[in-house]
Amino acid sequence: MVNMLDAIKEAASYIERKITNKPQIAIILGSGLGPLVSEIEENEELDYRDIPGFPVTTVEGHDGKLVYGKLAGKSIIAMKGRFHYYEGYDISKVVFAIRVFKAMGINNLIVTNAAGGINKEFNPGDLMIIRDHIGLFAPSPLRGENIREFGERFPDMSKAYGEELVNLCKDAALKESIVLREGVYAFAQGPMYETPSEIRALRILGADAVGMSTVPEVVVARHADMNVLGISCITNMAAGILDQPLNHEEVIQTAKEAEKNFIALVKRVIHDWEVSK
Ligand code: HPA
């Protein structure tokens, strides 16, 4: 079996050979948030299937491609379609792409997702900046031998979502007149939605939103000292908050309705971000 670090480096150099400008920021697009790629100028794409070692997505509403080009004046690379643990991948595959970005020298990451709202003040369609996360129920992507080239064995997670970026995003929302919520994102393995009791438990633990992604990716990004900004689109109220069943169509539909705000916010953030490394 190829060593994980070699596989990461091989994928990184394959992508680097295809790309002229090194991206300054990588963006992971969550469920229903893929249309942002149509805003990327001079865009080119790479199918995950063509990148050595890359997993391939299986979820509806997710394609599997990397789209790169210019957005709001910066060189960016976007993942349209991410890998979820519930799809059956080994957790090291779920976070593979993030490490490939790091190996390409990208140090800035925007992670986005669709999430269920636990905080009762939230409404479907709201955007929420992730202030922190609860990943206690998530498999650790750092389990096993530490890859020292990325970071240390016991990485600090106390400032997983950089305060400067949180403030930059809040200012961006003000400038765009977008209501921006702020809160803690909890990971649930899925693919089943949670029970009302699980949601009550998560609320007691301090969660404002729940979703099936993001935490593993942020953990490896922070292990490798990348700057991380997280944005959730609250696509539904979590189980039991309203007396109605949950479904994936609603998630995709609400994400679509929030698309305009989401795109405006992300573009403004990228525009205002003074990328230093
Ligand atoms: N729970 C978990 N994941 C989700 C939800 C939810 O309610 N909505 C969108 N992703």
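Reading the values: the criteria
- Residues numbered from 1 in each chain as written.
- Predicted model: local features only at pLDDT ≥ 70, side-chain atom pairs only at ≥ 80, totals over all residues.
- Heavy atoms only, no water.
- Near = heavy atom within 4 Å.
- Polar contact = N/O pair within 3.5 Å; in protein donor to acceptor, adjacent residues only side chain to side chain.
- 1 Å grid on protein atoms, 1.4 Å probe; cavity = no way out; pocket = protein on both sides within 12 Å on 5 of 7 lines; lining within 4 Å.
- Sits in = over half its atoms within 2 Å of the grid points.
- Helix = DSSP H or I, 4+ residues; strand = E, 2+ residues; numbered from the N terminus.
- Nonpolar A, V, L, I, M, F, W, Y, C, P; charged D, E, K, R; others polar.
- Core = buried A, V, L, I, M, F, W, Y, C linked by side-chain atoms within 4.5 Å.
- Buried < 20%, exposed > 50% of the residue type's maximum accessible area, 1.4 Å probe, protein only.
- Contact = heavy atoms within 4.5 Å.
- Patch = residues over 30% accessible without salt bridge, like charges linked within 9 Å, V, L, I, M, F, W, Y side chains within 5 Å.
- Areas by Shrake-Rupley, 256 points an atom, 1.4 Å probe, with all protein chains shown as cover.
- Salt bridge = Lys/Arg side-chain N within 4 Å of Asp/Glu carboxyl O.
- Points joined across faces, edges and corners; volume = space filled by probe spheres on them.
- Lys, Arg positive; Asp, Glu negative; His and termini not counted.
- Arc of directions from axis to C-beta.

**Q** Looking at this model, I keep getting lost on the site of the ligand. Mind explaining?
**A** Around the ligand, the structure places Ala-114, Ala-115, Gly-116, Tyr-193, Glu-194, Val-210, Gly-211, Met-212, Thr-235, Asn-236, Leu-246 and Val-251. The separation between a nitrogen atom of the ligand and a polar main-chain atom of Ala-114 is 3.3 Å. Placement of the ligand is best described as lying within the second largest pocket. Elements represented by at least two residues in the shell around the ligand include exactly β5 (108-117), β8 (209-211) and β9 (227-237). With 3 residues, β5 is the single largest residue contributor to the shell around the ligand. Counted by class, the shell around the ligand contains 7 nonpolar, 4 polar and 1 charged residues.

**Q** Please clarify how the nonpolar core should be interpreted in this entry.
**A** Of all hydrophobic cores here, the largest spans 67 residues; its most connected members are Ile-15, Phe-54, Leu-66, Ile-77 and Phe-101. Here this core gets 7 residues from one element, more than from any other, and that element is helix α1 (residues 4-18). Setting aside anything within four residues of it in sequence, one finds Phe-101 in contact with Ala-26, Leu-66, Ile-77, Met-79, Ile-106 and Met-226.

**Q** Explain a nonpolar patch on the surface to me, please; I cannot follow it from the model alone.
**A** On the surface, Leu-136, Phe-137 and Leu-205 cluster together into a nonpolar patch covering about 350 Å² of accessible area. Position of Leu-136 among the secondary structure elements: in the loop between β6 (127-134) and α4 (163-175).

**Q** How should the pattern of salt bridges be read in this particular structure?
**A** Pairing between side chains becomes possible if they bear opposite charge and their charged atoms approach one another. Throughout the structure, instances matching the rule amount to 10 salt bridges. Glu-182 is the partner of Lys-170 in a salt bridge, and the nearest nitrogen-oxygen pair spans 2.9 Å. With Lys-170 in helix α4 and Glu-182 in strand β7 (residues 180-187), this pair connects stretches of sequence that are 12 residues apart. On the basis of relative accessibility, which here comes to 32%, the residue Lys-170 falls in the partly exposed class. Taking relative accessible area as the criterion, Glu-182 reaches 29% and is therefore assigned partly exposed.

**Q** What is the right way to look at empty space enclosed by the protein in this model?
**A** Scanning the model with the defined rule gives 1 cavity of 30 Å³ or more in all. Within this model, the largest cavity holds a volume of roughly 40 Å³. Contributing to the lining of the largest cavity are Met-237, Ala-238, Ala-239, Gly-240, Leu-242, Gln-244, Pro-245, Leu-246 and Glu-250.

**Q** Where do I start with the side chain of Arg-99 in this structure?
**A** By the element assignment, Arg-99 lies in helix α3 (residues 96-103). Despite its burial, Arg-99 pairs with no opposite charge; the closest candidate is Asp-90, at 8.8 Å N-O. Those residues within four positions of Arg-99 in sequence are excluded, and the remaining contacts are Ile-8, Pro-141, Leu-142, Ile-147, Phe-150, Val-220 and His-223.

**Q** I'm lost on helix α7 (residues 248-257) in this one. Help?
**A** Because each turn of an α-helix spans 3.6 residues, side chains separated by three or four positions in sequence point in the same direction. All of the buried residues along α7 are Val-251, Thr-254 and Ala-255. Burial along α7 is one-sided: seen end-on, the buried residues are contained in an arc of 105°. For α7, exposure combined with an orientation more than 90 degrees from the buried face picks out Glu-249, Lys-256 and Glu-257. In this structure, the buried side of α7 is in contact with β5, β9 and α8 (259-272). The backbone nitrogen of Glu-249 lies 3.1 Å from a side-chain oxygen of the residue at the head of α7, namely Asn-247.

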